[in-house]
Amino acid sequence: MQALALFPGAREISRVERQEPALDSPDAVKLRVLQVGICGTDREEVSGGAVRPPEGLQNLVIGHEMLGLVVDAGEAVTRVKPGDYAVFTVRRGCGRCLPCARDRPDMCETGGYSERGIRGLDGYQTEYVVDREKYLVPIPPDLKETGVLTEPLSIVEKAIDSAVRVQTTRLPDALLYPDWLHDRRCLVAGLGPIGLLAALALRLRGAEVFGMDIVDTETSRPRWLAGIGGTYVDGRSLRPDKVDEALGPMELIFEASGVASLAFSLLDALAVNGVYVLTGVPEGNRKVQIPGEELMRRLVMDNQIMLGSVNAAPGHFRMAVQDLSVARLRWGSLVERLITLRLAPDASGDIFHEHGTDEIKVVIQWDGA
Ligand SMILES: [Zn+2]
Ligand SMILES: [Zn+2]
């Protein structure tokens, strides 16, 4: 079968042949791949050529954001049957630490985990994939157009859930509310797919959402944000240290830009007792100057929390499926419009290198639809 792979050191995607996988245990499920999203992680792999192929192989099949159709299932599989939609999660445990033993490799302590399509295990940019049922998340048929967004949304769900849980344990009034985020003022920094999905999840929880980026208001991402009731903030005309003055303090800040200078200067906009969650991974090693003493004083004196979040647990995938279903009821086809480009596998070359301002999510269509 065909697959899109990367050789270590190469900066171009190669089309390779892989043997079609078969069920290898009673709890294995085989999916025909329908769609696979491309994200910053894929582009970073391709631009840096820094991939670790599976043992004994010369290259790594990339892709970790997928949607598939069940075509075969072992006799011990109970949650899906052929014809059902499903996704596989990404990270696989190290086998040596407690979080991994608890099926929470997103919290792996050793760093010895693998990731399908990223680190040591073939990914999903191919025709068929097999994995164990415990790594599978069923997708309802009404999400066949948006189910491919489950993985990126799972990243968002973990980050928001972590922030909310932290606040619930420490704010005197937080436990009084079943829906703490309702009417909270939240700022999302960086309106790529993760930022826009964060805005979506926050809006579904009733938050007032401001989304910051540096593109014109009349482009696809600010317009999409407006469609779900968010307010666009142009970071070119409103400096991070003026956000507080212009819009008021933010009770939650969701950072999805990967830009360290922006991330730290936005601390200025964080409210007293506020929570700040970082999900962007900077690409370089540039040094950033920050007013360290002032930031430290503020974190202490204002009871603020800054936390990082990566990857997601199976439960966060299920939250993502829930939110995609609710979003569909709330906003109809608007969610599908996050996918701005669908390409055939053999037309996908340049898309790993360049992307336009109006692009949101690019998806490789393996089912030829
Ligand atoms: Zn991704
Ligand atoms: Zn581990």
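Please read these numbers as outputs of a predicted model, since none were measured by experiment.

Enquirer: Just checking my understanding: could you explain the overall build of the chain for this structure?
Expert: When you go through the chain residue by residue, the secondary structure sums to 9 helices and 19 strands. Its C-alpha radius of gyration of 21 Å places the chain within 12% of the 21 Å reference for a compact globule of 369 residues. The buried share of the chain, reckoned over its 369 residues, is 42%. Partitioning the intrachain contacts of the chain with sequence separation of at least 6 by distance along the chain shows that 68% fall at a separation of at least 24.

Enquirer: Is there a simple way to explain the pairing of strand E3 (residues 28–38) in this structure?
Expert: Successive residues of a regular strand alternate their side chains across the two faces of the sheet. The buried count for E3 comes to 9 of 11 residues, which makes it a mostly enclosed element. Here E3 runs beside strand E10 (residues 128–132); their pairing, made up of 5 bridges, is antiparallel. Paired with Leu 31 across the bridge in E10 is Val 129. The sheet contact formed by E3 and strand E19 (residues 361–365) spans 4 bridges and is antiparallel. Considered in E19, the bridge of Ile 38 is made with Val 362.

Enquirer: Got a minute to help me understand the domain arrangement of the chain in this structure?
Expert: How big an interface is tends to be stated in terms of the accessible area lost upon association of its parts. What the domain assignment lists for the chain is domain 1 (2–150 + 314–365) and domain 2 (153–308). The gap between the C-alpha centroids of domain 1 and domain 2 is 27 Å. Between domain 1 and domain 2, the residue contacts involve 22 residues of the former and 19 residues of the latter. No other element matches the 9 residues that helix H9 (residues 314–331) contributes to the side of domain 1 that touches domain 2.

Enquirer: Just to check I follow, could you spell out helix H1 (residues 40–48) for this structure?
Expert: Each turn of an α-helix holds 3.6 residues, which means side chains three or four residues apart point in the same direction. Among all positions of H1, only Asp 42, Glu 45 and Val 46 are buried. The arc that holds the buried residues of H1, viewed along the axis, is 90°, so those residues lie on one side. Relative to its buried face, H1 has exposed residues pointing more than 90 degrees away, namely Ser 47 and Gly 48.

Enquirer: Hey, could you run me through the sheet that holds strand E9 (residues 120–121) in this one?
Expert: Overall, mixed pairing links the 3 strands, which are arranged E7-E8-E9 in an open sheet. Strands with a single pairing partner mark the edges of an open sheet, and in this sheet they are strand E7 (91–92) and E9. Note that strand E8 (residues 114–116) and E9 share 2 bridges and pair parallel. Bridge assignment links Arg 116 to a residue of E9, and that residue is Leu 121.

Enquirer: Explain unusual backbone geometry to me, please; I cannot follow it from the model alone.
Expert: Negative phi characterises most residues that are not glycine, and trans characterises most peptide bonds. One non-glycine residue, Asn 303, adopts positive backbone phi at about 55°. With respect to the helices, strands and loops of the structure, Asn 303 is situated in the loop between helix H8 (292–301) and strand E17 (305–308). Classification of Asn 303 by C-beta neighbours within 10 Å gives partly exposed; the count is 14.

Enquirer: Mind showing me how you'd approach the sheet that holds strand E4 (residues 60–61) here?
Expert: The strands that make up a sheet are held in pairs by hydrogen bonds between backbone atoms, and each pair lies either parallel or antiparallel. With antiparallel pairing, 3 strands are arranged side by side in an open sheet as E2-E1-E4. Each edge of the open sheet is held by one strand with a lone partner, namely strand E2 (14–17) and E4. In this sheet, E2 lies alongside strand E1 (residues 2–6) in antiparallel orientation, the contact comprising 4 bridges. Within E2, the position partnered with Leu 4 by the bridge is Arg 15.

Enquirer: Explanation requested: the packing of helix H3 (residues 150–170) against H9 in the structure shown.
Expert: For any two helices packed against each other, one specifies the inter-axial angle together with the distance between the axes. Where H3 meets H9, the axes come as close as 8 Å, and the angle between the chain directions of the two elements is 110°. In terms of axis orientation, H3 runs roughly perpendicular to H9. On the side of H3, the interface is formed by Thr 150, Leu 153, Ser 154, Glu 157, Lys 158 and Asp 161, while H9 contributes His 316, Phe 317, Met 319, Ala 320, Val 321, Asp 323 and Leu 324. Taken together, the residues that form the contact of H3 with H9 break down as 6 nonpolar, 3 polar and 4 charged.

Enquirer: How should I be thinking about the environment of Pro 99 in this particular structure?
Expert: Here Pro 99 shows up in helix H2 (residues 98–101). Judged by C-beta crowding, with 17 C-beta atoms within 10 Å, Pro 99 ranks as partly exposed. Residues Pro 99 and Gly 83 lie 16 residues apart in sequence; the distance between their C-alpha atoms is 33 Å. Residues in contact with Pro 99, not counting those within four places in the same chain, are Arg 104, Pro 105, Met 107, Cys 108 and Glu 109.

Enquirer: Help me out: how do you make sense of the nonpolar core in this one?
Expert: Counting residues in hydrophobic clusters, the biggest one holds 94 residues, and the most contacted among them are Leu 187, Val 188, Ala 198 and Ile 253. Element by element, the count of residues in this core is highest for helix H4 (residues 193–204), at 8 residues. Viewed by domain, this core spans two of them, domain 1 (2–150 + 314–365) and domain 2 (153–308), each represented by three or more residues. If we ignore the near neighbours within four places in the chain, the residues touching Val 188 are Gly 195, Ala 198, Ala 199, Val 209, Gly 211, Met 212, Phe 254 and Ala 256.

Enquirer: Before we go on, may I ask you to explain H8 in this structure?
Expert: Little of H8 sits inside the fold, with 0 of its 10 residues counted as buried. Directly beyond the C-terminal end of H8, a positive phi value near 55° is found at Asn 303.

Criteria and cut-off values
Residues numbered from 1 in each chain as written. Chains lettered and ligands numbered in written order. Predicted model: local features only at pLDDT ≥ 70, side-chain atom pairs only at ≥ 80, totals over all residues. Helix = DSSP H or I, 4+ residues; strand = E, 2+ residues; numbered from the N terminus. Rg over C-alpha atoms; globule rule 2.2 N^0.38 Å. Buried ≥ 20, exposed ≤ 12 C-beta atoms within 10 Å, placed from the backbone. Contact = placed C-beta atoms within 7 Å. Pairing = 2+ DSSP bridges. Domains from an automatic or database assignment. Arc of directions from axis to C-beta. Axes fitted to C-alpha atoms, helices over the stretch in contact; angles between N-to-C directions. Parallel < 35°, antiparallel > 145°, perpendicular 65-115°, else oblique. Nonpolar A, V, L, I, M, F, W, Y, C, P; charged D, E, K, R; others polar. Core = buried A, V, L, I, M, F, W, Y, C linked by C-beta atoms within 7 Å.

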